[in-house]
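Structural characterization, general
Here is what each chain is made of, one letter per residue.
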Amino acid sequence: MKFETFELERYMSAWENVVDYNLSESGVHPLSLNDILTAEELDELSEMELLYCQANGTETLRSAICGLYPHATPDNILVTNGSAEANFLTIMTLLEPGDELIYMMPNYLQIWGFGRSLGVDVKPIRLKDDHNWQIDVDELASLITPKTKMISVCNPNNPTGAVMDSDIMMRVRELAREHDLWLHSDEVYRGVELSGEESPSFYAGDEMDIVVAGLSKAYRLPGLRLGWIVGNPDFVWKAWSLHDYTTISIGTLSDWVASRILQPQRRTALLSDVHEFLRTNLKILQGWVDDQDGLFSFTPPQAAAIAFLHCHLDGGSVELIERIRDEQSVLVMPGKWFGMENYIRVGYGTPPDYLKAGLERMAQTLSGLRIEAAA
Ligand SMILES: Cc1ncc(COP(=O)(O)O)c(C=O)c1O
């Protein structure tokens with residue numbers, strides 16, 4: 001089997017720790033253990049024996065995760081190394097070469113690339129910028145054939161930060177049920193809505209509902225590498241038996257920390273800090289866009305620390321972001337790697353001064369481009 005390159009992750013892995021200003025991250029600026037644990041807990045953590053963790057996640061952690069999904073019990077949960085592993089195991093467990101998968105675009109293209117590498121026929125259903133980044137459900141229905149096995153959405157969406165309207169969500173669910181399709185929803189950005197109101201999960205306890213999420217984005221803990229799958233117990237068992245081949249288990253320390261911070265009160269406190277911070281930073285980004293003489297426009301995100309800026313310059317998005325990187329040592333992501341040209345994704349979840357400084361540097365390259373375009 002030949003794997004397609006996952007261009008976004010390849011590029012971020014190579015550059016994110018090299019540039020002066022990294023505005024390529026989609027999560028909110030990470031926290032430290034000191035920010036989230038008490039002194040007693042830190043002491044306890046330092047005494048822990050570093051055993052292998054319970055391979056599907058400890059009962060304590062799986063019970064805490066269930067708290068986020070009213071229809072789930074610990075048997076519905078598999079804990080994984082990030083939501084990246086959760087997505088990988090889901091596709092590996094459920095799809096075969098020749099199956100069709102309907103896939104939301106633009107998107108984080110992990111499943112796009114991995115599915116195609118497996119021989120799955122991945123068909124895009126496009127979010128529309130002029131419809132507040134929503135999908136057209138009639139178009140979705142028209143893509144379903146007897147070979148279709150799964151619909152996969154990312155909600156809230158990366159890279160647009162859009163949240164699916166509740167009536168569209170209901171119709172997507174109905175379509176999946178009517179055609180006996182797996183409905184996979186990547187919800188790693190759930191909890192980081194700018195309104196402060198958590199978006200609903202697709203997990204309704206149906207046999208064919210699968211939700212993937214984790215602590216990297218809303219919870220600001222990407223270094224824990226903690227994700228999970230929610231699904232029916234039989235599917236979870238099968239995905240777990242593949243997890244024996246991928247990573248066996250997650251880290252003991254990560255399981256322990258996650259079990260604590262997902263307790264209801266702590267979780268609410270952790271998430272509530274994020275909303276005001278993001279609203280303030282989004283104003284900084286909006287002000288910067290307004291100062292760029294119409295080079296960019298965007299539909300404001302409803303969730304996540306990312307904005308997908310429509311770029312009104314000629315030329316490809318990869319060339320643009322590489323020029324910004326080379327001239328200014330600032331990293332942002334090109335629309336092409338989310339399946340949509342003429343856009344760039346800017347992460348605005350960094351500390352405000354850092355965000356302003358990175359944007360100021362970007363503006364210098366853009367003013368050079370304007371002069372070249374006028375000449
Ligand atoms: C939609 C989506 N899913 C999954 C991931 C993987 O995240 P992690 O493995 O850190 O949970 C990302 C990372 O950016 C993402 O944007």
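All values reported here derive from a predicted model rather than from experimental measurement.

When cut into domains, the protein chain gives domain 1 (7-31 + 273-368) and domain 2 (50-266). The C-alpha centroid of domain 2 is placed 25 Å from the C-alpha centroid of domain 1. A combined buried area of about 2,600 Å² lies between domain 1 and domain 2, and 57% of that area is made up of carbon and sulfur atoms. Counting the surface domain 1 buries against domain 2, the share from its top three residues, Thr-299, Gln-302 and Phe-338, is 23%. Here domain 1 is connected to domain 2 by 0 salt bridges. Across the contact surface, domain 1 and domain 2 share 16 residue pairs in polar contact (both at pLDDT 80 or more).

Okay, the pattern of salt bridges next. Under the counting rule described, the total for this entry stands at 17 salt bridges. Residue Arg-361 pairs with Asp-20 through a salt bridge whose shortest N-O separation is 2.9 Å. Here Asp-20 lies in the loop between helix H1 (7-15) and strand E1 (21-22) and Arg-361 lies in helix H13 (residues 352-374), a separation of 341 residues in the sequence. Take Arg-361: its relative accessible area is 25%, and that puts it in the partly exposed class. Residue Lys-128 pairs with Glu-139 through a salt bridge whose shortest N-O separation is 2.8 Å. Here the residue Lys-128 occupies a position in the loop between strand E4 (121-126) and helix H7 (137-143), and Glu-139 occupies one in helix H7, the gap between them amounting to 11 residues. For Lys-128, a relative accessible area of 26% puts it in the partly exposed group. Here Glu-139 falls in the partly exposed class, since its relative accessible area comes to 27%. Residues joined in a network through salt bridges with shared partners are Arg-323, Glu-327 and Glu-372.

A few words on the layout of surface pockets. One number sums up the size of the largest pocket: a volume of about 700 Å³. In this structure, the largest pocket is lined by 37 residues; those nearest its centre are Met-12, Glu-16, Glu-25, Lys-217 and Pro-222. If you list the elements that add at least two residues to the lining of the largest pocket, you get H1, helix H5 (82-94) and strand E13 (343-347). Grouping the amino acids of the lining of the largest pocket by side-chain chemistry returns 15 nonpolar, 15 polar and 7 charged. When we break the lining of the largest pocket down by domain, the ones giving at least three residues each are domain 1 (7-31 + 273-368) and domain 2 (50-266). Roughly 250 Å³ of internal volume is contained in the second largest pocket. Lining the second largest pocket we find 16 residues, and of these Glu-4, Thr-5, Phe-6, Leu-109 and Gly-113 sit closest to its centre. Within the residue set of the lining of the second largest pocket, elements represented by two or more residues are H1, H5 and helix H6 (110-118). At 4 residues, H6 tops the list of elements feeding residues into the lining of the second largest pocket. For the lining of the second largest pocket, the residue count by class is 9 nonpolar, 3 polar and 4 charged. When residues of the lining of the second largest pocket are assigned to domains, at least three map to each of domain 1 (7-31 + 273-368) and domain 2 (50-266).

About the criteria used
- Residues numbered from 1 in each chain as written.
- Predicted model: local features only at pLDDT ≥ 70, side-chain atom pairs only at ≥ 80, totals over all residues.
- Heavy atoms only, no water.
- Domains from an automatic or database assignment.
- Buried area = accessible area lost by both parts, 1.4 Å probe.
- Salt bridge = Lys/Arg side-chain N within 4 Å of Asp/Glu carboxyl O.
- Polar contact = N/O pair within 3.5 Å; in protein donor to acceptor, adjacent residues only side chain to side chain.
- Helix = DSSP H or I, 4+ residues; strand = E, 2+ residues; numbered from the N terminus.
- Buried < 20%, exposed > 50% of the residue type's maximum accessible area, 1.4 Å probe, protein only.
- 1 Å grid on protein atoms, 1.4 Å probe; cavity = no way out; pocket = protein on both sides within 12 Å on 5 of 7 lines; lining within 4 Å.
- Points joined across faces, edges and corners; volume = space filled by probe spheres on them.
- Nonpolar A, V, L, I, M, F, W, Y, C, P; charged D, E, K, R; others polar.

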